[in-house]
Amino acid sequence: MTFSLASRKDEIERLKNEQLDLLVIGGGITGAGVALQAAAAKMKTGLIDMQDFGAGTSSRSTRLVHGGIRYLKTFDVQVVSDTVKERAIIQHIAPHMTRPDPMMLPIYDEPDTTFTMFSVKVAMDLYDHLAGIEGDSPLKKYANYTIDKKEALRREPQLNSQNLLGAGIYLDYQNNDSRLVLENVKKAHELGCLAVSHLKSVKILHDRAKRVNGARVHDNLTGEEFDIHANVVINTSGPWSDIVRQEDKASYRKPRLRPTKGVHLVVDQTRLKVPQPTYFGSGTADGRMIFTIPREGKTYFGTTDTDFTGNLADPKVEKGDVDYLLNIINKKYPSAHLKIADIEASWAGVRPLIEVDVEKNQSAAADATTGASVSDSTSAPSAVSRGSSLTQAEDGLITLAGGKLTDYRIMADGAIAKIRAVLKDRFNRDFTLQDSATIKVTGGDFNSDNAEEELAKIADYGIAAGLTKDDATEIAHLFGSEAVKIYDHAKEIEPEDGLSLGETAALDYSMAEEMTLTPVDYLLRRTYHILFKNDTLDRVKVGVINHMAKFYGWERDKKDEYVHDLNQEISESRLEYLKK
């Protein structure tokens, strides 16, 4: 079954006419994880998102699967314990996009430092213990260790040597966040989930007993409105969770989220070169930790953490964000002398942090089943836990919010158990839940224990099909075992002007199998052209636009609209509005 604009029309008709077991509102990583587990249990499931799948927070992360070692300093051991184990599980179920990549944590003798050489070793040992990196574990080769100042500077010559004591080295994982969402959605769809993007929930529906039984939705592509009926509705809309809860006027009481903004900036490695992901205190006494991460010939760094009250769908990088990060990076790497003109790309995301007022909202805190944070509005954003919350309103609306990308599967486990209980108790429908740690996402059907070797074999197939080595390798890492379909398709087509054979074949696959509807979908979330391929972006975007226009039969006005949207997205990513 294809997953495309054509299948969207068919699935909308089914959403209109069929009674679902479960409607999931919000197609980021949290909703995708819930939908996959529900579909695997054979629940009749619908998944909707008002934007492209993963277009919100889930495509704007630090692009790591990490346990958050800094939370050990604030004794969030449970949060770290849950997430640190997940890294290996996610690498197993999504091996083409998640890979071990040890992190370097330089230690400085400076005021308000996050770790000392002693405390970082204690933290890393606990980190490894929680992750099971000991004994006969296959991850034992990634066990942590410390290095002295001389070795730290040998590895990263641009590091500031003043007051540098040494560094800790410990295991974390790189990840492709937007594709992790998409591959979960694709697998859910393969298992029977009706997954439709650009459908916005506008009202929570109730039956005569005033129990939630669905949602009124607006099709952002056609303007049509219709009702979807479901026995259970779960709100997994991330930063929009409070907004969806407000649609349920029968039960809404007060906001529970404290959105904060995180910004990342991208420069070429000729301007800032780091050999491995690096993590260090900001040195500004604000409690923040900063990442610098190499990727595809670029280095990106972040993140900020500031309260956010703007447009959730379009958080902007502001001058203050750029100044903050450049100030920190130029102190930590003093020979870089980075300026705003060096920034090739950027992104800003909104974290859906949970905020519980201890005195006024004890019941909500008691209802938080997956490690919800407890804080007040006077806490610094960086001090708020990344825990999650699973709650059910009196009328039955379930809300799953907060958390980190790394623990999405655990969050979904808790939610699906709750959903199963409701379906059994209220509707006499029983389902056998599957072990989500064994459900490989689309593209992950190969041996994760030897992922790099397996991906190299997949790429060899692409080279034999006539693709360049670079294209075949990139396609293997983006699409995993699905790459074979792209290679086979490449044998039957001619490349689009401005695109290579591999680029053309990958775009065709993405439109037919990944609900890729716009050039921004493809160049920002299905691939990372806008973020990490600035050197070839202006060439590739023309070929992508022209090829999509032919595929979809866009009239001139529609094509011009998509060209405008793409150019605006690129301009904002390049921060042209700040460089004037």
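The rules behind the values
Every residue gets a number counted from 1 within its own chain, in the order that chain's sequence is written. Side-chain atom pairs in this predicted model are given and counted only at pLDDT of 80 or more, local residue features only at pLDDT of at least 70, and totals for whole chains, interfaces and linings cover all residues. Here the side-chain values reflect all heavy atoms present in the structure, with hydrogen atoms and water set aside. In this scheme, a residue with accessible area under 20% of its type's maximum is buried, one over 50% is exposed, and one in between is partly exposed, where area comes from a 1.4 Å probe on protein chains only. What counts as a helix is a DSSP run of H or I of at least four residues, what counts as a strand is a run of E of at least two, and both are numbered from the N terminus. In short, DSSP must find at least two bridges between two strands for them to pair. Scored from 0 to 100, pLDDT reflects the predictor's confidence in each residue. Residue contacts are defined here by distance: any two heavy atoms, one from each residue, within 4.5 Å place the two residues in contact. Each Phe, Tyr or Trp ring (for Trp, its six-membered ring) is paired with any other whose centre lies within 6.5 Å, and the angle between the two planes then decides the class: stacked below 30 degrees, edge-to-face above 60, tilted in between.

Some details on the pairing of strand 5 (residues 103-108)
- Along strand 5, six of the six residues are buried, which leaves the element largely enclosed by surrounding structure.
- Pairing of strand 5 with strand 7 (residues 164-170) involves six bridges; the strand directions are antiparallel. Note that in strand 7 the partner of L105 across the bridge is G168.

As for the confidence of the model for the protein chain
- Looking at the protein chain, the pLDDT average stands at 92 and 94% of residues meet or exceed 70.
- Predicted confidence is poor over residues 358-378, with pLDDT under 50, and the contacts of this stretch with residues over four places away or in other chains come to 39 contacts.

Remarks on the packing of aromatic side chains
- Applying the stated criterion to the full structure yields 13 aromatic pairs.
- Residues W347 and F532 carry aromatic rings whose centres are separated by 6.1 Å and whose planes lie at 85° to one another, so their mutual orientation is edge-to-face. One end of the pair, W347, is in strand 18 (residues 345-354); the other, F532, is in helix 16 (residues 529-532), and 185 residues separate them in sequence. For the pair W347 and F532, one class covers both residues: buried.
- Note on Y552 and W554: the rings are 5.8 Å apart at their centroids and 20° apart in plane angle, and the pair reads as stacked.

Section: the environment of M124
- Within the secondary structure layout, M124 lies in helix 4 (residues 117-131).
- By relative accessible area, which is 0% here, M124 ends up buried.
- Between the C-alpha atoms of M124 and A465, which are 341 residues apart in sequence, the distance is 45 Å.
- Beyond its immediate chain neighbours, meaning those up to four positions away, M124 contacts I69, N144, Y145, T146, G168, I169 and Y170.

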